[in-house]
Amino acid sequence: MRAKTLRLLTILSTLLVTLITAIQLYWLNTTYNYERKQFNIAITRVIKSTLINFNLLNNQDFSFEKNIQLPAPDYYIVPVSHLPNFDSVKNFVTREFFEFNILTDCELLFYNAGHNKYETGFYIDVSDQYKFSAKNNFPGFNRAYHYLGFYFPHREHYILQHMLKWIISSFLLLMVLIGFGISVFYFYRQQFLNETQKDFVNNFSHEFKTPLAVMKIAAEVLSRPSITEQPQKLHNYTEIINTQVTHLQKQLNRMLMVAYTDNHKLKPEKEKFNANELLEITIHNMLPLAEQKNGKIIFENRTADAFIHADKSYILTAIANLLENAVKYSVKPEISVSTYIEGNEFCIRVADKGLGIEKVHHKKIFKKFYRVTEGDIHPSKGFGLGLNFVKKIIDAHRGKILLKSRKGFGSTFIIKLPVT
Ligand code: ADP
């Protein structure tokens, strides 16, 4: 599976998980509203039958909206024509609560408009679950008429308890979704590693096959007895083998170095040296490579104060890797190098006008084995280890490496080292 398909799959899965979570939350909210409504319906029935039974109705046309007020969220009051016998009402209401399945506790209050206060109150706990003794702290709602008050201190809790199975199932579903999300993430990461590993094996065989084939042919020529009579040919073929061996050694060293730095921290052996001089040498060594492609490397600007405290050989490797890439990923290399000081940092800038790198790859490009591919093809050979090693070197110096690049317009790498 290619990276693009994988990314699409991950995005789709994330969207799906978000959608399912949103639907689940919507249903929970709907259920909560439904349970509240059911509670209101049940309490209306209790109140209505109480009023009818004790002849307390002010008007015959009774409904929740018209007769019942909610001065506070858990407090229902209903006007009555007169105050009835308190104990009888209490017993009746208790029975009705059982009848209509209102199994939470309630403070039943009788408000006397003439005295402007609650005449009395009863605590009814049909569930035996709660302990409530706030009768004296009870908020007073003054009215110009007598009324019965029903205060449900644990109404929310009661409704949520009713929804418990929904809440638990939603929670379980959420856990499953999170599990699913984590699996997708690990699957994506595993696939990404598989892909890069597969690419690495492909690159590895390509990189080693050609030099080995060339060396085999050269060795065959050298094994002919007549070769001793052709000293120039002998020299040429020996040179070919030499070049190929050097190339293979370089690649192998790079791989060993990256493998080593996976398990060990790079320990720079710092010394004070002139970075401009080091750059000049590196550019000089790289120039033939650029000239092979009719290109050039210029040391454009250099800071006067170029003494830095760093590991000379690691910094050389980092710059050489950047220059090598700049040549490799340009058709006709036009590379410029600069050094400058910015704040407390010494900066080395390597800019080319080559193929450039799309923004999506900018962060990943420093990862091990990562290479920018177009479909299944790559414009140039390599292992995807160069930039990873550069990053490790710069990290070991507590520095930064920045990339500015646009596909088709070239790339600029800036190394920033702290001046100590
Ligand atoms: P390699 O060059 O061996 O593939 P690197 O780690 O050096 O590995 O680079 C990783 C990838 O970054 C390369 O495969 C290439 O696609 C891209 N890259 C690096 N430097 C440049 C550059 N100067 N211009 C364009 N692409 C680059």
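Cut-offs and rules
Each chain has its residues counted from 1, running along the sequence as written. Per-residue local features of the predicted model are confined to residues with pLDDT of at least 70, and side-chain atom pairs are confined, for both listing and counting, to 80 or more; whole-chain, interface and lining totals are unaffected and use all residues. Where side-chain values are given, they derive from all heavy atoms of the structure, hydrogens and water being excluded. Numbered from the N terminus, helices here are DSSP runs of H or I no shorter than four residues, and strands are runs of E no shorter than two. The buried label goes to any residue with under 20% of its type's maximum accessible area, the exposed label to any with over 50%, and the partly exposed label to all in between, with areas taken from a 1.4 Å probe on protein chains only. All accessible-area figures derive from a Shrake-Rupley calculation using a 1.4 Å probe, and residue coverage is judged against the displayed protein chains alone. Charged residues are defined narrowly, with Lys and Arg counted positive, Asp and Glu counted negative, and His plus the chain ends left uncounted. Taken as the charge location is NZ of Lys, CZ of Arg, CG of Asp or CD of Glu. Nonpolar cores are built from buried Ala, Val, Leu, Ile, Met, Phe, Trp, Tyr and Cys residues. Side-chain atoms within 4.5 Å join them into one set. The split of the chain into domains comes from an automatic or database domain assignment. Residue contacts are counted whenever heavy atoms from the two residues lie within 4.5 Å of one another. Pairing between two strands is assigned when DSSP locates at least 2 bridges connecting them. Whether a residue is near a molecule or strand depends on its heavy atoms: it is near if one of them lies within 4 Å of it. Contacts described as polar in this section are N or O atom pairs within 3.5 Å, which, within protein, must combine one atom able to donate a hydrogen with one able to accept it, while residues neighboring in sequence count only if both atoms come from side chains. Classification convention: Asp, Glu, Lys, Arg as charged; Ala, Val, Leu, Ile, Met, Phe, Trp, Tyr, Cys, Pro as nonpolar; all other residues, Gly among them, as polar. Expected span, for any helix, means 1.5 Å times one less than how many residues it has. In what follows, salt bridge is the name for a side-chain nitrogen of Lys or Arg lying within 4 Å of a carboxyl oxygen of Asp or Glu. The axes are straight lines fitted to the C-alpha atoms, using for helices just the contacting stretch, and the angles between their N-to-C directions are given from 0 to 180°.

Trainee: Whenever I open this one, the overall build of the protein chain confuses me. Can you help?
Mentor: From N to C terminus, the protein chain includes 9 helices and 12 strands. Considering only C-alpha atoms, the protein chain reaches an extent of 130 × 50 × 35 Å along its principal axes. Classification of the 420 residues of the protein chain by burial places 42% in the buried group. Put simply, the protein chain shows about 24,600 Å² of open surface, and 58% of that area lies on carbon and sulfur atoms. Within the protein chain, one finds 51 positive and 37 negative side-chain charges whose respective centroids are separated by 4 Å.

Trainee: Please explain the nonpolar core as it appears in this structure.
Mentor: Side chains of a nonpolar character, in soluble globular proteins, are inclined to be buried together. Ile297, Leu322, Leu323, Phe413 and Ile415 are the most contacted members of the largest nonpolar core, which totals 49 residues. Per-element tally for this core: the top contributor is helix α8 (residues 312-328), with 9 residues. For this core, the two domains that each supply at least three residues are domain 2 (187-264) and domain 3 (269-418). Apart from the residues lying within four places of it in its own chain, the contact partners of Leu323 are Thr282, Ile283, Met286, Ile297, Ile335, Val337 and Val350.

Trainee: How should the pairing of strand β10 (residues 345-352) be read in this particular structure?
Mentor: Successive side chains on a regular strand alternate, one facing one side of the sheet and the next facing the other. With 7 of 8 residues buried, β10 lies mostly within the body of the structure. Pairing of strand β9 (residues 334-342) with β10 involves 7 bridges; the strand directions are antiparallel. When the sheet's bridge partners are listed, Glu342 is paired in β10 with Glu345. The antiparallel hairpin formed by β9 and β10 contains 2 residues in its connecting segment, where Gly343 sits at a positive phi of about 60°.

Trainee: Would you take a moment to explain the site of the ligand for this structure?
Mentor: Asn325, Tyr329, Asp352, Arg371 and Leu387 are the nearest of the 20 residues found near the ligand. Between a nitrogen atom of the ligand and a side-chain N or O atom of Asp352, the distance comes to 2.9 Å. Here Val372 contributes a backbone N or O atom positioned 3.4 Å from an oxygen atom of the ligand. Calculation on the ligand without its partners gives an accessible area of 530 Å², and the protein chains cover 97% of this total. Sorting the residues of the shell around the ligand by element identifies α8, α9 (386-396) and β12 (410-418) as the ones contributing at least two each. Among the elements that make up the shell around the ligand, the one with the highest residue count is α8 (3 residues). Residues of the shell around the ligand, tallied by class, amount to 10 nonpolar, 7 polar and 3 charged.

Trainee: How do you make sense of helix α6 (residues 231-263) when you look at a structure like this?
Mentor: In an α-helix there are 3.6 residues to a turn, and that puts residues three or four apart on one side. The terminal C-alpha atoms of α6, which comprises 33 residues, lie 48 Å apart, in line with the 48 Å expected from a rise of 1.5 Å per residue. Within the span of α6, buried status applies to Gln244, Leu248, Gln251, Arg254, Met255, Val258 and Thr261. Looking at the buried side of α6, the elements it contacts are α5 (164-222), α8 and α9.

Trainee: Got a minute to help me understand the pattern of salt bridges in this structure?
Mentor: Pairing between side chains becomes possible if they bear opposite charge and their charged atoms approach one another. For the coordinates displayed, the defined rule picks out 10 salt bridges. Residues Arg36 and Glu156 are paired through a salt bridge, measuring 3.9 Å at the closest nitrogen-oxygen approach. Here Arg36, found in helix α1 (residues 3-53), pairs with Glu156, found in helix α4 (residues 155-162); they are 120 residues apart in sequence, far enough to count as distant. Judged by its relative accessible area of 31%, Arg36 falls in the partly exposed class. With relative accessibility at 30%, the residue Glu156 sits in the partly exposed group.

Trainee: It is not clear to me how the sheet that holds strand β4 (residues 117-125) should be interpreted in this structure. Could you clarify?
Mentor: The strands that make up a sheet pair up through hydrogen bonds in the backbone, lying either parallel or antiparallel. Spatially, the 5 strands line up as an open sheet ordered β1-β2-β5-β3-β4, and their pairing is antiparallel. Looking along the sheet, the strands with just one partner apiece sit at the ends: β1 (69-72) and β4. If you compare each strand with its neighbour and ignore which way they point, the axes differ by 25° on average. Set on the sheet, helix α3 (residues 86-99) makes contact with β3 (105-112), β4 and β5 (147-151); between it and β4 the angle comes to about 35°.

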